[in-house]
Amino acid sequence: MGQIKLNQVTKSFGDVQVIPPLDLTIEDGEFTVFVGPSGCGKSTLLRLIAGLEDITSGHIEIDGKDATNVPPAKRGLAMVFQSYALYPHMSVRKNIAFPMRMAGIDEAEQNRRIEGAAKALNLTDYLDRRPGQLSGGQRQRVAIGRAIVREPSAFLFDEPLSNLDAALRVGMRLEISELHKRLATTMIYVTHDQVEAMTMADKIVVLRAGFIEQVGTPLELYHNPRNEFVAGFIGSPKMNLIKGEEAQKHGAATIGIRPEHTDVSKTDGMWKGTVGVAEHLGSDTFIHVHDTGLDSGPGDMVTVRITGDIEAKHGDDIYLTPQLDKLHKFDAQGLRIG
Amino acid sequence: MATQHSRSAARIMMAPAVILLLGWMLVPLIMTLLFSFKKYLPMRGGDLGWVGFDNYVRFVSSSAFWPSVSATLIIVGGVLAITIVFGVLLAILLNQPMWGQGVVRILVIAPFFVMPTVSALVWKNMFMDPTNGLFAHLWKFFGAEPISWLSEASMPSIVMIVSWQWLPFATLILLTAIQSLDSEQLEAAEMDGAPPIKRFAFITLPHLSRAITIVLLIQTIFLLAIFAEIFVTTGGAFGTRTLTYLIFQRVLESQNVGLGSAGGVYAIILANIVAIFLMRIVGKNLDA
């Protein structure tokens, strides 16, 4: 139950090909996250799987059966939309009951499933309210409730947390992860936020312009990014990518070093720079170091992360030493070396 | 929000407009009420003094009264039903992406710009004329006997003409409403297993309910007063005499201002009954 296989799937809108031929297998019970910058085709890919868009060529297999031309309702997938897409004129109860009503499930079973979902999602007190009377987080839960009661073989989430404020987002992230552990159903989750991808996924699919850049577990992507794009996209703050002379010393076109893999000293080190903005988070400090003389983009800026606190004022001299065993090397095409 | 001074200044500034509008409404209303209690025959002796409720009794007891009320309600009801049903269908159609959408939309809205007198004349002479009309030719083409629309099917003819005029209005309002429907809701319903008919019934129609209410209210107000369409087509004959038309006949054809004024007061009462009735049914749609 719940294996999804894409075989040479493409999608074009008119003359514009947004998804070039693409192969991907999502195993049963896996929490897969599609991540990439906006416009990379991740939502389109999700809609192709849902059946809301027709694929231009290729095959989609769900549960081992060809689903290429199966209408969305028959694919056994449930989707949670970015805007939640709740039906505004129906109460929460009726919203959750809607898919069961369409499927012709009898009333007693409907009520049993609604009660179950409401209890699991803390919605019991709100069943008779309209969506307009609920907060963002509650609406989100209703949308998830509406998906759960269908007992689908896979859940599809289209940027479900992007309309919530930061604190709620962290809470909902946990709730969705909990839900996945409890239901053990396949979930596909689309986001542009790499933090969501890293924290929730069993498997991350990094997309750029419709191409899959890399597929792997969060830690695989973190430790062994296949190319410069993935290296820069995964991890926060972003990896420092250094070109030019410094990179050639290591036999690469570009070297990458994560902010957390750089040692900082006020007296000596490999690279010298001046402190720009220092962001003190208490547990960590991010320092943006300027004028390092390294070819690392505008202002030759390098970001470093220090556990704990450090006395560093704007304009101070500071020395950086990368941990050489944590250095990532890329060739001229941006592909990983070694 | 404002000081005492600026508030009283605002009142003085607004006074001319308020007084003008109030006068515009009150003067005719009071004169109508005044005349309705008088025997006033302009060509036959002028003002003949007060007669109490005589005019009111005569207006209601006339054999033309109840048929005129029912004719009014049939026309209003018929036109509302046709414009809303076809308005919803046309709005859905025009919302589909298609070639020449802009031109088609303008064409659909065009009838609304035609003056009622002109459109009624066009229908009367070009479509419904029993010898030269397009309908007559169409009937003959299929070997049928042409219908003399305005005498044999007078009521449906008038409903048709008025519906043609008001359909663009309904379509326009409903089209803007349908364009504000979140497409993700329809997609969610599609994923939830609702076929197109049920998506329409459970998602689109409830979304349109407020717009339908507005169309209903605005059209009722205007349809209760239609006059030109009847004047240039049947002239009130063949059972198409509405309350408005009856009042016109009493005042101008029989030159009885008092009797017509009493009819006018009845029309005000009827309009208010219909309005209250409508508000009751649909009012709850507006506060949500």
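**Q** Can you explain the overall build of chain A? Please cite residues and give values.
**A** Looking only at helices and strands, chain A has nine helices and 18 strands in total. Along the first, second and third principal axes, the C-alpha atoms of chain A reach 75 × 45 × 35 Å. In chain A, the share of contacts with a sequence separation of at least 24, taken over all contacts with a separation of at least 6, comes to 63%.

**Q** So what about the packing of helix α8 (residues 154-179) of chain B against helix α10 (residues 196-223) of chain B? Which residues, and what values?
**A** Residues and elements named next belong to chain B. Contact pair α8 / α10: the axes reach a minimum separation of 9 Å and the direction vectors enclose 145°. α10 is crossed by α8, and the crossing has right-handed handedness. Residue-level inspection shows Val162, Trp166, Ala170, Ile173, Leu174, Ala177 and Ile178 of α8 in contact with α10, the latter providing Thr204, Leu208, Ala211, Ile214, Val215, Gln219 and Leu223.

**Q** Explain the sheet that holds strand β3 (residues 31-35) of chain A to me, using residue names and the numbers behind them.
**A** Residues and elements named next belong to chain A. Taken in spatial order, the six strands make up an open sheet running β6-β7-β8-β3-β9-β10, and their pairing is mixed. Because the sheet does not close on itself, it has two edges, and the strands there are β6 (77-80) and β10 (211-216). Neighbour-to-neighbour, the strand axes of this sheet turn through a mean angle of 15°, independent of strand direction. Of the strand pairs in this sheet, β6 and strand β7 (residues 154-158) are connected by four bridges, and their pairing is parallel. Opposite Val80, over in β7, you have Phe157 as the bridge partner.

**Q** Describe the nonpolar core, and please don't skip the residues or the numbers.
**A** All names here are of chain A. Counting residues in each nonpolar core, the largest one holds 91 residues, and the members touching the most others are Val33, Phe34, Ile49, Met79, Leu156 and Ile188. Among the domains, domain 1 (4-229) and domain 2 (237-330) are the pair contributing at least three residues each to this core. If sequence neighbours within four positions are ignored, Ile188 has contacts with Ile26, Thr32, Phe34, Leu46, Ile49, Ala154 and Leu156.

**Q** Could you give an account of the interface of chain B and chain A, with specific residues and numbers?
**A** Each partner contributes to the interface: chain B provides 13 residues, whereas chain A provides 15 residues. Listing elements by their share of the side of chain B that touches chain A, those giving two or more residues are α9 (183-191) and α10 of chain B. Top element by residues in the side of chain B that touches chain A is α9 of chain B. It accounts for six residues. A breakdown of the residues in the side of chain B that touches chain A according to their chemical character gives five nonpolar, two polar and six charged.

**Q** Which residues make up unusual backbone geometry, and what values do they have?
**A** Residue and element names in this part refer to chain A. Residue Pro237 is reached from Ser236 by a cis peptide bond, and omega for that bond is -5°. Along the chain, Pro237 falls in the loop between α8 (228-233) and β11 (240-243). The phi dihedral of Asp63 is positive, around 55°, even though this residue is not glycine. With respect to the helices and strands, the residue Asp63 is situated in the loop between β4 (57-62) and β5 (65-66). With a phi close to 50°, Ala209 is a non-glycine residue in the positive phi region. Locating Ala209 in the fold gives a position in the loop between β9 (203-208) and β10. Since 14 C-beta atoms lie within 10 Å of it, Ala209 is described here as partly exposed.

**Q** Would you mind going over the domain arrangement of chain A in detail, with residue names and values included?
**A** Interfaces are often sized by the accessible area lost when the parts come together. Per the domain assignment, the segments of chain A are domain 1 (4-229) and domain 2 (237-330). The distance between the C-alpha centroids of domain 1 of chain A and domain 2 of chain A comes to 38 Å.

**Q** Tell me about the sheet that holds strand β13 (residues 262-265) of chain A, and name the residues and values.
**A** All names here are of chain A. The five strands lie next to each other as β13-β17-β14-β15-β16, forming an open sheet whose pairing is antiparallel. Edge positions in the open sheet fall to β13 and β16 (302-307), since each of these has one partner strand only. Sheet twist, expressed as the mean angle between neighbouring strand axes with direction ignored, is 45°. Across four bridges, the pairing between strand β14 (residues 271-280) and strand β17 (residues 317-322) is antiparallel. Following the sheet pairing, Lys272 is matched in β17 by Tyr319.

**Q** Residues and numbers for α9 of chain B, please.
**A** Residues of α9 of chain B that are buried: Gln185, Glu187, Ala188, Ala189, Glu190 and Met191 of chain B. Among the structural elements, α1 (42-50) and β6 of chain A together with α10 of chain B are those in contact with the buried residues of α9 of chain B. Of the residues trailing α9 of chain B, Gly193 of chain B is marked for its positive phi of about 95°.

**Q** Lay out the pairing of strand β12 (residues 254-257) of chain A with the relevant residues and their values.
**A** Residue and element names in this part refer to chain A. What you see with β12 is no split at all: Thr254 and Gly256 on one side and Ile255 and Ile257 on the other are buried throughout. Both β11 and β12 contribute to a ladder of four bridges, which runs antiparallel. Each residue of the ladder has a partner; that of Ile242, found in β12, is Ile255. Across three bridges, the pairing between β12 and strand β18 (residues 328-330) is antiparallel. Bridged to Gly256 within β18 is His328.

**Q** Residues and numbers for the pairing of β10 of chain A, please.
**A** Residue and element names in this part refer to chain A. Pairing analysis gives five bridges linking β9 to β10, with the strands arranged antiparallel. Counted as the bridge partner of Val206 is Gln214 from β10. Hairpin connection between β9 and β10: a loop of two residues separates the two successive antiparallel strands, and Ala209 in this loop has a positive phi of roughly 50°.

**Q** Kindly report on the confidence of the model for chain B, identifying the contributing residues and their values.
**A** Residues and elements named next belong to chain B. Put simply, chain B has an average pLDDT of 85, and 97% of its residues get 70 or more. Helix α3 (residues 65-95) holds the highest mean pLDDT among the elements of chain B, 91, whereas helix α7 (residues 149-152) holds the lowest, 78. Confidence metrics for the complex model read pTM 0.78 and ipTM 0.80.

**Q** Help me get a handle on the packing of helix α2 (residues 92-103) of chain A against helix α4 (residues 136-148) of chain A, residues and values and all.
**A** Residue and element names in this part refer to chain A. Where α2 meets α4, the axes come as close as 7 Å, and the angle between the chain directions of the two elements is 30°. Considered as vectors, α2 and α4 are oriented roughly parallel to each other. Two packed elements cross with a definite hand, and for α2 against α4 that hand is right-handed. Between α2 and α4, the contacting residues are Val92, Asn95, Ile96, Phe98 and Pro99 on the first element and Val142, Gly145 and Arg146 on the second.

**Q** Summarise the environment of Ile337 of chain A; cite the residues concerned and give the values.
**A** Residue and element names in this part refer to chain A. Summarising the element assignment, Ile337 is placed in the segment after β18. C-beta crowding within 10 Å serves as the criterion here: with 13 such atoms nearby, Ile337 is assigned to the partly exposed category. A C-alpha to C-alpha distance of 17 Å links Ile337 and Gln323, two positions 14 residues apart in sequence. The contact partners of Ile337, leaving out residues within four places of it in the chain, are Ala252, Lys329, Phe330 and Asp331.

How each quantity is defined
- Residues numbered from 1 in each chain as written.
- Chains lettered and ligands numbered in written order.
- Predicted model: local features only at pLDDT ≥ 70, side-chain atom pairs only at ≥ 80, totals over all residues.
- Helix = DSSP H or I, 4+ residues; strand = E, 2+ residues; numbered from the N terminus.
- Contact = placed C-beta atoms within 7 Å.
- Axes fitted to C-alpha atoms, helices over the stretch in contact; angles between N-to-C directions.
- Left-handed = near helix turned anticlockwise from the far one by under 90°.
- Pairing = 2+ DSSP bridges.
- Core = buried A, V, L, I, M, F, W, Y, C linked by C-beta atoms within 7 Å.
- Buried ≥ 20, exposed ≤ 12 C-beta atoms within 10 Å, placed from the backbone.
- Domains from an automatic or database assignment.
- Nonpolar A, V, L, I, M, F, W, Y, C, P; charged D, E, K, R; others polar.
- pLDDT = per-residue confidence, 0-100.
- Parallel < 35°, antiparallel > 145°, perpendicular 65-115°, else oblique.

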